[in-house]
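If you want the building blocks of each chain, they are given just below.
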Amino acid sequence: MRGALQTLVNDYGWIHTGVGLIGNLTFLIGSVLFLPHFHSWQTTGVWLFIVGSALMLVGAFGDLLVKWYDRDRQ
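Quick caveat, the model's predicted, so the values are computed rather than measured.

Overview of the packing of aromatic side chains
Working step 1: Throughout the structure, instances matching the rule amount to two aromatic pairs.
Working step 2: Relative to F49, the ring of F27 lies with its centre 4.6 Å away and its plane at 20 degrees, an arrangement referred to as stacked. You can see F27 sitting in helix α2 (residues 13–32) and its partner F49 sitting in helix α3 (residues 42–73), a full 22 residues away along the chain.
Working step 3: Here F27 falls in the partly exposed class, since its relative accessible area comes to 29%.
Working step 4: Its relative accessible area of 27% is what places F49 among the partly exposed residues.
Working step 5: With centroids separated by 5.2 Å and ring planes inclined at 50 degrees, the aromatic side chains of F34 and F49 adopt a geometry described as tilted. Here the residue F34 occupies a position in the loop between α2 and α3, and F49 occupies one in helix α3, the gap between them amounting to 15 residues.

Some thoughts on the confidence of the model for the protein chain
Working step 1: Scored by pLDDT, the protein chain has a mean of 86; 89% of the residues are at 70 or more.
Working step 2: Within the protein chain, α2 carries the highest mean pLDDT (90), whereas helix α1 (residues 2–11) carries the lowest (70).

Thoughts on the environment of T26
Working step 1: Its location among the elements puts T26 in helix α2.
Working step 2: Overall, T26 belongs to the buried group, its relative accessible area being 13%.
Working step 3: Sequence separation of T26 and L48 is 22 residues, and the distance between their C-alpha atoms is 5.7 Å.
Working step 4: Every residue in contact with T26, bar those within four places of it in the chain, is listed here: L48, V51, G52 and L55.

A short note on α2
Working step 1: In this model α2 runs 30 Å from its N-terminal to its C-terminal C-alpha over 20 residues, within 8% of the 28 Å that 1.5 Å per residue would give.
Working step 2: Inspection of α2 places G13, H16, G20, G23, T26 and G30 among the buried residues, and these make up the whole buried set. The buried residues of α2 occupy an angular sector of 140 degrees when the element is viewed end-on, so they sit on one face. More than 90 degrees from the buried face of α2, the exposed residues found are W14, L21, I22 and L28.

Conventions adopted
- Residues numbered from 1 in each chain as written.
- Predicted model: local features only at pLDDT ≥ 70, side-chain atom pairs only at ≥ 80, totals over all residues.
- Heavy atoms only, no water.
- Phe/Tyr/Trp six-rings, centres within 6.5 Å; stacked < 30°, edge-to-face > 60°.
- Helix = DSSP H or I, 4+ residues; strand = E, 2+ residues; numbered from the N terminus.
- Buried < 20%, exposed > 50% of the residue type's maximum accessible area, 1.4 Å probe, protein only.
- pLDDT = per-residue confidence, 0-100.
- Contact = heavy atoms within 4.5 Å.
- Expected span 1.5 Å × (residues − 1).
- Arc of directions from axis to C-beta.

Given below as structure tokens:
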């Protein structure tokens, strides 16, 4: 299992950046939906906040693993 995780972290590190970027975009859209003109969209904005935050967390955790494995290889 460790070998599979290490392969995922080392060979597909760009996925973590992409997930984080999608999370940031989702969080931004959720923020816009809290503006007064979008009052009826606030519930959607809350869910976009939650999803965006979770994706940013996954992306940041993946980047942490990449740095951790790179440090161990040196």
